[in-house]
Amino acid sequence: MFSPGSGAEGGTFVLVHVQRRSREGGRRLSLGDGAVAMMEPEAPLRVLELYSGIGGMHYALKESCIAAKVVAAVDINTVANEVYKHNFPYTYLCAKTIEGMTLDEFNKLDFDVILMSPPCQPFTSRVGSQKDVLDPRTKSFLYILDILPRLSKTPKYILLENVKGFETSVARDKLIQTLESCRYTYQAFLLSPTLLGIPNSRLRYFLLAKLQPDTFCFQIYHQILKHFPDHDDTDLKSTDGSSLNQILSTEGNKKEQISSEYCAENGKSQADVNLLYKLETPEHQKQKQIQNNNLSIQMIQDFLEEGLQDPSPYFIPPKSLLRYALILDIVGQTCRRSVCFTKGYGHYVEGTGSVLKTASDVELSVVFQSFDALSEDEKLTQLSKLKLRYFTPREIANLHGFPPEFSFPEKISLRQSYRLLGNSLNIHVVAKLIQLMVK
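Residues numbered from 1 in each chain as written. Predicted model: local features only at pLDDT ≥ 70, side-chain atom pairs only at ≥ 80, totals over all residues. Heavy atoms only, no water.

### Re the overall build of the protein chain
Thought 1: Along the protein chain, the regular secondary structure elements total 15 helices and 14 strands.
Thought 2: Sorting the 439 residues of the protein chain into buried and exposed places 51% on the buried side.
Thought 3: Residue pairs at least 24 apart in sequence account for 71% of intrachain contacts in the protein chain once pairs closer than 6 positions are excluded.
Thought 4: For the protein chain, the computed accessible surface area is about 21000 Å², with 50% contributed by carbon and sulfur atoms. (Helix = DSSP H or I, 4+ residues; strand = E, 2+ residues; numbered from the N terminus. Buried < 20%, exposed > 50% of the residue type's maximum accessible area, 1.4 Å probe, protein only. Contact = heavy atoms within 4.5 Å. Areas by Shrake-Rupley, 256 points an atom, 1.4 Å probe, with all protein chains shown as cover.)

### Here's the deal with helix α15 (residues 427–438)
Thought 1: Over its twelve residues, α15 extends 16 Å from the first C-alpha to the last, a length consistent with the 16 Å expected when each residue adds 1.5 Å.
Thought 2: When we look at burial in α15, the residues that qualify are I427, V429, V430, A431, L433, I434, L436, M437 and V438.
Thought 3: You can read the cap of α15 off the contacts: a side-chain oxygen lies 3.1 Å from the backbone nitrogen of H428, and it is on N426. (Expected span 1.5 Å × (residues − 1). Polar contact = N/O pair within 3.5 Å; in protein donor to acceptor, adjacent residues only side chain to side chain.)

### Re the pattern of salt bridges
Thought 1: For the structure shown, the criterion picks out twelve salt bridges.
Thought 2: As a salt-bridge pair, K156 and D214 come within 2.9 Å of each other at their nearest N and O atoms. Of this pair, K156 sits in the loop between α4 (139–147) and β9 (157–163) while D214 sits in the loop between β11 (204–211) and α6 (244–248); the two residues are 58 residues apart in sequence, bridging distant segments of the chain.
Thought 3: The exposure class assigned to D214 is partly exposed, which follows from its relative accessible area of 29%.
Thought 4: Salt-bridge contacts for E161 lead to R204; the nearest nitrogen and oxygen are separated by 3.8 Å. (Salt bridge = Lys/Arg side-chain N within 4 Å of Asp/Glu carboxyl O.)

### What about the pairing of β11?
On any regular strand, side chains alternate: one points to one face of the sheet, the next to the other face.
Thought 1: Counting buried positions along β11 gives eight out of eight residues, so the element sits mostly inside the fold.
Thought 2: The pairing of β9 with β11 spans seven bridges and is classified as antiparallel. The residue bridging E161 from the neighbouring strand is F206, located in β11.
Thought 3: Where strand β10 (residues 184–191) meets β11, eight bridges bridge the pair, whose relative direction is antiparallel. When the sheet's bridge partners are listed, Q187 is paired in β11 with L208. (Pairing = 2+ DSSP bridges.)

### Observations regarding the side chain of N87
Thought 1: Mapped onto the elements, N87 comes out in helix α2 (residues 78–87).
Thought 2: On the basis of relative accessible area, N87 is assigned to the buried category, the value being 14%.
Thought 3: Polar contacts involving the side chain of N87 include one to the main-chain carbonyl oxygen of V83, which spans 2.9 Å.
Thought 4: At 2.9 Å, the side chain of N87 forms a polar contact with the backbone oxygen of S407.
Thought 5: Setting aside anything within four residues of it in sequence, one finds N87 in contact with Y59, E405, F406 and S407.

### What to know about the sheet that holds strand β5 (residues 45–50)
Thought 1: If you walk across this open sheet you meet the seven strands as β7-β6-β5-β8-β9-β11-β10, and the pairing is mixed. Whereas interior strands pair on both sides, the edge strands pair on one side only; in this sheet they are β7 (93–94) and β10.
Thought 2: Here helix α1 (residues 56–64) sits on the sheet in contact with β5, β6 (68–74), β8 (113–116) and β9, set at roughly 155 degrees to β5.
Thought 3: Its contacts with the sheet place α15 against β5, β8, β9, β10 and β11, and it is angled at close to 20 degrees to β11. (Axes fitted to C-alpha atoms, helices over the stretch in contact; angles between N-to-C directions.)

### Digging into the packing of helix α13 (residues 393–400) against helix α14 (residues 414–422)
Thought 1: Running from N to C, α13 and α14 point in directions that differ by 15 degrees, and their axes come no closer than 10 Å. Considering the angle they form, α13 stands roughly parallel to α14. Handedness of the α13/α14 crossing: left-handed. Facing P393, I396, A397 and H400 of α13, the residues of α14 in contact are L414, S417, Y418 and L421.
Thought 2: Class assignment for the residues of the contact of α13 with α14 results in six nonpolar, two polar and no charged. (Parallel < 35°, antiparallel > 145°, perpendicular 65-115°, else oblique. Left-handed = near helix turned anticlockwise from the far one by under 90°. Nonpolar A, V, L, I, M, F, W, Y, C, P; charged D, E, K, R; others polar.)

### A few points about the nonpolar core
Thought 1: Formed by 76 residues in total, the largest nonpolar core has its most connected members in F391 and L433.
Thought 2: Among the elements that make up this core, the one with the highest residue count is α15 (nine residues).
Thought 3: Excluding residues that lie within four positions of it along the chain, L433 makes contacts with L159, F189, L191, F206, L208 and F228.
Thought 4: Counting residues in each nonpolar core, the second largest holds 38 residues, with L48, I114, F123 and A188 among its members. (Core = buried A, V, L, I, M, F, W, Y, C linked by side-chain atoms within 4.5 Å.)

### Focus: α14
Thought 1: Those residues of α14 lying buried are S417, Y418, L420, L421 and G422.
Thought 2: Next to the buried residues of α14 lie α2, β14 (388–390) and α13.

### Structural notes on the packing of aromatic side chains
Thought 1: Evaluation of the coordinates by the stated rule reveals 17 aromatic pairs.
Thought 2: For the pair F141 and F166, a centre-to-centre distance of 6.0 Å together with 75 degrees between the ring planes defines the contact as edge-to-face. Note that F141 is positioned in helix α4 and F166 in the loop between β9 and α5 (170–181), a separation of 25 residues in sequence.
Thought 3: Judged by its relative accessible area of 2%, F141 is buried.
Thought 4: Looking at F166, the relative accessible area reads 0%, which means it is buried.
Thought 5: What links up through ring pairs into an aromatic cluster is the set Y59, Y84, F88, F402, F406 and F408. (Phe/Tyr/Trp six-rings, centres within 6.5 Å; stacked < 30°, edge-to-face > 60°.)

### A word on the environment of I54
Thought 1: Following the sequence through the fold, I54 ends up in the loop between β5 and α1.
Thought 2: On the accessibility criterion, I54 (3% relative accessible area) is buried.
Thought 3: Separated by 27 residues in the primary sequence, I54 and N81 have C-alpha atoms spaced 6.7 Å apart.
Thought 4: In this view, I54 contacts A80, V83, Y84, F402, F406, L420, L421 and S424; residues no more than four positions away in its chain are not counted.

Pasting the structure below:
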């Protein structure tokens, strides 16, 4: 006999005799006296992916293994939308401005989760003018904040990603005001993929919000966390005993996109390591050594394309080599670090990301010794020995955590691929945050 009941776990269940077979997909909960409670399968969370780009948030959601479905992805970038549709052909993709969507359109989507990565240019000092909320590109984000309290169903979870610098913005203050008025609990983070053993610095601001009365599975703090709340610092020690979190909180982190540095590769003599061959400070060099000695971080070689058929499109042109030799961020295959890749990578050289030294038998110390005294032809001869090339889009995608099945449509150019990846996010970092948010 079946009889209705209500469960403490928040689902509807029915009582069945212990000998009756459970329905496929149901969850069994023993109640004693020969009866069990059958929990009806929980409906997947309905996710709204705003500023969807090439699908980084969607891939992070899949990696998190949370039962969820993206009910709509929204982005105005036509090139990014081509890549998104190529990889997620069955997801509803709304190619319009967010502020062009009506309240009724939002309500019809009936979403439980918002994942979003608003435009970062208004908050960056390097490529933007830091106009903050006065920048027209924040219009859509301000519209989201305006519409959030008026939704027929307040979403249970919100995850936001942006650049370092957002945390001091007026836009962030308006976000917090809106979350508090809607009764959300929230926690902010400044995190880099290096925390997960990935050899790429990409320090980003993240905010998790959870609708009350639900709470997070971790203790919340008023200050911004610079580590995952469940991370053990002892797992993140370099060979000199320095914590990676200490590295991340240094001034060098604030300059990760503009520092002039190279990687002191494993196996160098101490005399080589102490030489400053390029336009860098001893502080920069020390930071690089700490990062490269951090054995909890994988080597660059683990993320490279195997058997790259034609590397010629990726070699740095001689003119660029001569002009930027002293500020290139050069890393080798055994390095455990690289700097942030931006949307200008492959087109601009300065401050857009690391370049790869593919000549493993040539030391940087040999090439840069007495470099200034050489003629241009001699400099070019020396630099050519390093066989410097850009990382391929696939290799950057690997560092960002995109799975092997991710790909670009054939009509997407190399420059477009670099731009899209530079505007993307690290999937592993976001996946871990989604797990922490929903737990």
